[in-house]
Amino acid sequence: MIQRRKTRQVKVGNVLIGGDAPVSVQSMTSGFTYEIDKCVAEINKLAGGGADIVRVAVPERKDTEALKEILKQVKVPIVADVHFHFQRALEAVEAGVHKIRLNPGNIQDKAQVEKVIDACKERGIPIRVGVNEGSIVERKDKQKRLKELGGVFSNNKHGHLLAIMIAKLEEYLDIFYARNFYDITISAKSIDPALVVDAYAEISKRFDHPLHLGVTHAGPKETGTIRSVVPLGHLLMNGIGDTIRISYANDPIYEVQDGLELLYILGLRPRVGAELIGCPTCGRIQVDLFTLIQNVNKALQKEITLPIKVAVMGCIVNGPGECEGADVAIFAGDKRGIIYVQGQKVANVPEAQILETLLAETKKLQEQVLAGTAKLGEKVVDILPPDPLGELGSGVKKIEEEKAAKGIQLPVMKV
Ligand code: SF4
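Let me begin by describing the structure that accompanies this report. (Residues numbered from 1 in each chain as written. Predicted model: local features only at pLDDT ≥ 70, side-chain atom pairs only at ≥ 80, totals over all residues. Heavy atoms only, no water.)

1. Quick notes on the sheet that holds strand E12 (residues 309-313)
Thought 1: Ordered in space as E11-E12-E13-E14-E15, the 5 strands form an open sheet in which the pairing is mixed. Edge strands, defined here as strands with exactly one partner in the open sheet, are strand E11 (275-278) and strand E15 (344-350). Within this sheet the neighbouring strands show an average axis-to-axis angle of 15°, counted without direction.
Thought 2: Sheet topology note: the E12/strand E13 (residues 328-332) ladder contains 4 bridges and is parallel. Note that in E13 the partner of Met313 across the bridge is Phe331.
Thought 3: Docked against the sheet, helix H12 (residues 351-371) engages E12, E13, strand E14 (336-341) and E15, running at close to 150° with respect to E15. (Pairing = 2+ DSSP bridges. Helix = DSSP H or I, 4+ residues; strand = E, 2+ residues; numbered from the N terminus. Axes fitted to C-alpha atoms, helices over the stretch in contact; angles between N-to-C directions. Contact = heavy atoms within 4.5 Å.)

Have a look at this one:
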C-alpha cells in the first residue's frame, strides 16, 4: 500500500485533487479551442477514455470566447491554460472554466497576477502554478539565484535549475498567500526525468498544495512512455503526486490510457475494464501470439467493463504459473489453445477459434459476476498443466516420427 503525502484539497468542477481524493488523470486537447465542434469532440473523446480533467489552450480572445459554448457541451471539468496574457485568464474565469493554469515564467506582473487571483477567489476556482523548467527566464541569473538560496542545491546535478524553480515558486506563491488564496496546485515539469523527481521531491517538502505531476515535452509515445512513467512512477510510489498528465506528441487519448494504467498497476486507482497479461513469446511458440494478443486486447476493451484478469500464454512452460492469478487463461500449443476459467478447463480449440472462445468465456464470466454467481480473483480449481504431447499437440509429430522409426505406436491425441 502506498502511503500518500497529506496535502490540502482543491475542487476542480466535480473532481477533488489532493487530500484523500484518488490521483486523477488529466490530458490536454491538441486542436484549436476556437474550433468549438472539434474541441468538444476531442474533450468528450478524452473524457470517454477516462480523463478526469481536460485542459485547453486559450492563446487568443477567440479561444476564451469559445469556452462558454464548449462548457455547455462537455461534462468533464475544464482547465484554461494561460500563458503571457493575464486577460485570457480573466476571460476564461468569466466563461466559467473550472481551473486556471498560470505560468510564473511568463505572467509575472504582480498586479496582473493579483487580478487573476481575485477573480478566481470570487468564483471558487483553483489555480495551478506551473513552473516548467523550459519557460523560466531567470536561467541567465542562475548563479546569482543559486547563491541567494545559500547553495542549498549546490551538490545536486540540477542544482541551479532546482534552485530557480523553487525560488520562482516561493516568490510567486507569496502573491497568492498575501491575498489569502490557497486553492493552489503546483507543477514543476522538465524534460529531464531526474530533475522532475528532484523538483517534486523538494517541492513536496516545502509546500502542502496538491501536486500535478508531469514530464514536459516527453516526445513521441514510443520513447515518451519511459521518459514519463519512470519519474512519475517513482514519485507516486513514494506517495508524491495528486494528479498526473503524461504528455506525448501523439493523440492525447494515449496520455489518458497510459496515465490510468500507471495508476492501476500501482494500486492507486481501482481498475476499470479487463487486465491483460501476455507472454512475450519465445522459440517455443506455435501460434501467432502477437496478433492474438492485439486482437484479445481490442476485444476486451470493447466488451469488458469489469476488472477481469485475462492471461494469454504461448505455451505450458510458464503458462500455469503465470496464469494462476488470472480469471481467464489460455495456454497455446501446436496451432491450438486450451482455455481455463478460474482454474477450470473449459475448452480446447484450434487457433482460429481461440479469440472468439476466449472472449465468449470472458463475457460469460462477466455476466456471472454481475449476477452475483461468481467472484473475480477466485479460483474454482487449481490450473493443471495440460499434457503437451496430447492435448496441446506440441511435439507430437516429432515424437511420432521417432517412435514410428522404432516401430512403437503412440496413443491417439486427446482433443
Ligand atoms: S509462456 Fe511459453 S512461449 Fe511464452 S515466453 Fe514463456 S516459455 Fe515462451
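2. Digging into helix H8 (residues 221-237)
Thought 1: An ideal rise of 1.5 Å per residue puts 24 Å on 17 residues; H8 measures up with 22 Å between its terminal C-alpha atoms.
Thought 2: Every buried residue belonging to H8 is among Gly224, Ser228, Pro231, Leu232, Gly233, Leu235 and Leu236, and all of these are buried.
Thought 3: Of the surrounding secondary structure, the elements contacted by the buried residues of H8 are helix H7 (193-206), strand E9 (212-213), strand E10 (243-245) and helix H9 (253-265). (Expected span 1.5 Å × (residues − 1). Buried < 20%, exposed > 50% of the residue type's maximum accessible area, 1.4 Å probe, protein only.)

3. A few points about the packing of helix H10 (residues 289-303) against H12
Thought 1: At a minimum axis distance of 10 Å, the contact between H10 and H12 shows a crossing angle of 30°. One way to sum up the angle between H10 and H12 is to call them roughly parallel. Relative to H12, H10 is oriented so that their crossing is right-handed. Counting all contacts with H10, which are made through Leu292, Asn295, Val296, Ala299, Leu300 and Glu303, the residues of H12 involved are Ile354, Leu355, Leu358, Leu359, Thr362, Lys363 and Gln366. (Parallel < 35°, antiparallel > 145°, perpendicular 65-115°, else oblique. Left-handed = near helix turned anticlockwise from the far one by under 90°.)

4. Describing the nonpolar core
In a soluble, globular protein the nonpolar side chains are often hidden away together inside.
Thought 1: By size, the foremost hydrophobic cluster in this structure holds 75 residues, and its most contacted members are Ile100, Leu102, Ile127 and Phe176.
Thought 2: Residues in contact with Ile127, not counting those within four places in the same chain, are Ile100, Leu102, Val116, Ile117, Cys120, Phe176, Phe181, Asp183, Ile184 and Thr185.
Thought 3: Listed in part, the 37 residues of the second largest apolar core include Leu289, Ala326, Ala329 and Leu365. (Core = buried A, V, L, I, M, F, W, Y, C linked by side-chain atoms within 4.5 Å.)

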